[in-house]
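Results of the structural survey
Take a look at the letters that make up each chain.
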Amino acid sequence: MYNSKIMGVGSYLPPNKVTNHDLEKIIDTNDEWIRQRSGIEERYWAPKEMGTVDLAENASLEAIEKSGLDKSEIDFIICASISNDADIPGTGCFLQARLGLGEVPTLDIRQQCSGFVYATFMANQFIESGMYKNILVVGVELQSRGINKTTEGRDIAVLFGDGAGAMVLSRDDSGDSKVIASDLHSDGRFAKELWISAPGSCAGREDRLNKEIMENGEHFPYMNGKVVFVHAIKKMSQTVINVLEKAKMPKEDIGCYLFHQANLRINQKVQETLGLSNDQVFNTIQKYGNTTAATIPIGLADALKEGKIKRGDHIIFAAFGSGFSWGSILLKY
Ligand code: UT7
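Bear in mind the structure is a predicted one, so any value in this text is a computation, not a measurement.

Residues in close proximity to the ligand total 20 residues, the closest being T29, R37, K226, N263 and N290. At a separation of 3.3 Å, an oxygen atom of the ligand approaches a polar side-chain atom of R265. One of the side-chain nitrogen or oxygen atoms of N290 is found 2.6 Å away from an oxygen atom of the ligand. When residues of the shell around the ligand are traced back to their parent elements, those giving at least two are α2 (31-38), α6 (154-157), α8 (225-247) and α9 (264-274). Element by element, the count of residues in the shell around the ligand is highest for α8, at four residues. Residue composition of the shell around the ligand, by class: 10 nonpolar, five polar and five charged. Both domains that furnish three or more residues to the shell around the ligand are identified here as domain 1 (3-172) and domain 2 (178-332).

Now the structure itself:
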């Protein structure tokens, strides 16, 4: 069995910064409500000229450059996103063409906010088994184009941001770096507590998408915020406990906990539940909002740039989101 090493990490935020005050101009909301309820101060929304693949490409190029590898050495791409350029195919294919990676296989996964945790888990399995050597793992979202940016959609519109993060995960024979433990879960009984029902082929519909569906706003995300909030705290805390137990490591041995960023209050409660110090957690929601599958790799890139993570450190990725799906990965960087 081989081990995985993070060779390079990159991130990209599109040019348009949108502050809470900017949102006050288009939605009946206010800076105080958004800060108090979510912790968010600003986020980035991509300009019309950019698509999901553009964000993914920029983050990927940085990750590949930092890895020191030639892009021709990438032998697999796993791309996590729920806001792709097209309904089909997924962003992985567009990204592969953009990067000029010939016929390298791509796999798109849509596991919502847990997408990057699932993608990392899968990439590690392929590396441990010897199947692939250098995998480009991407989390990318362009959510701003799919949310209801009117007062009707304000409970969701103010929370989401666009961005991308990418990581090159490679086979490492030294054993210095590795994924030590992982813990994945889902519970589909809660699927409709946070979902976008259209385009979709559910029973009773004539079309996946039509005028009537759009008039009903079924193509916009729906979230039962309070139910999601409560479960996010409980499940994200539990998955961290599970992964620490699997690794037989005390919580103090983890240098950096990278939690999904959906709400600062969720993460503060998780931190309190687990008894973690401020030094151990790294929150980015204030600057970027909730960037769904891109959140953890963007946080990873920032944490590395700020020197919060160094070679040899133990880190945990943990996420919770629509599905419900959640999980965590404990690795030695
Ligand atoms: O990434 C996927 C996982 N997502 C999450 O984990 C999100 C989980 N949920 C949450 O983060 C929170 O539930 C929210 C931030 C979405 C909402 O916070 P809340 O404290 O649960 O607020 P609420 O839904 O109870 O709304 C309170 C009030 C309502 O008004 P009334 O009925 O009390 O008069 C809302 O209409 O706030 C109103 N409201 C807003 N007011 C100003 C809702 N959205 C807004 C807004 N600006 N943007």
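The subject of this paragraph is the sheet that holds strand β8 (residues 178-186). In spatial order, the strands read β8-β13-β12-β11; together these four strands make up an open sheet with mixed pairing. With one partner strand each, in any of the chains shown, β8 and β11 (256-259) form the two edges of the open sheet. The sheet shows a mean angle of 10° between the axes of neighbouring strands, direction not considered. As paired strands, β8 and strand β13 (residues 325-332) are joined by eight bridges and run antiparallel to one another. The residue of β13 that forms the bridge with K178 is K332. Across the sheet, helix α5 (residues 115-128) touches β8, β12 (314-321) and β13, and the angle it forms with β8 is around 130°.

Contact geometry for helix α3 (residues 52-67) and helix α4 (residues 91-99): axes closest at 9 Å, N-to-C directions at 55°. With respect to α4, the axis of α3 lies oblique. For the element pair α3 and α4, the recorded crossing hand is right-handed. Mapping the contact onto sequence places T52, V53, D54, A56, E57, S60, L61 and I64 in α3 and T91, F94, L95, R98 and L99 in α4. Of the residues assigned to the contact of α3 with α4, the class counts are seven nonpolar, three polar and three charged.

Quick look at the domain arrangement of the protein now. Each domain of the protein was delimited in the assignment, giving domain 1 (3-172) and domain 2 (178-332). Every contact between the two is made by 54 residues of domain 1 and, on the other side, 49 residues of domain 2. Taking both sides of the interface into account, the surface hidden between domain 1 and domain 2 amounts to around 3,800 Å²; carbon and sulfur atoms contribute 64%. Of all residues in domain 1, C113, V117 and Y118 bury the most surface against domain 2, accounting for 15% of the area lost on that side. Across the contact surface, domain 1 and domain 2 share two salt bridges. One salt bridge connects E62 with K305, and the closest N-O pair in it is separated by 3.3 Å. The interface formed by domain 1 and domain 2 includes 17 residue pairs in polar contact (both at pLDDT 80 or more). Looking at the side of domain 1 that touches domain 2, the elements with two or more residues in it are β1 (3-12), α2, β3 (42-44), α3, α5, β6 (134-141), α6 and β7 (163-172). For the side of domain 1 that touches domain 2, the per-class residue count stands at 21 nonpolar, 21 polar and 12 charged.

Rules used throughout
Residues numbered from 1 in each chain as written. Predicted model: local features only at pLDDT ≥ 70, side-chain atom pairs only at ≥ 80, totals over all residues. Heavy atoms only, no water. Near = heavy atom within 4 Å. Polar contact = N/O pair within 3.5 Å; in protein donor to acceptor, adjacent residues only side chain to side chain. Helix = DSSP H or I, 4+ residues; strand = E, 2+ residues; numbered from the N terminus. Nonpolar A, V, L, I, M, F, W, Y, C, P; charged D, E, K, R; others polar. Domains from an automatic or database assignment. Pairing = 2+ DSSP bridges. Axes fitted to C-alpha atoms, helices over the stretch in contact; angles between N-to-C directions. Contact = heavy atoms within 4.5 Å. Parallel < 35°, antiparallel > 145°, perpendicular 65-115°, else oblique. Left-handed = near helix turned anticlockwise from the far one by under 90°. Buried area = accessible area lost by both parts, 1.4 Å probe. Salt bridge = Lys/Arg side-chain N within 4 Å of Asp/Glu carboxyl O.

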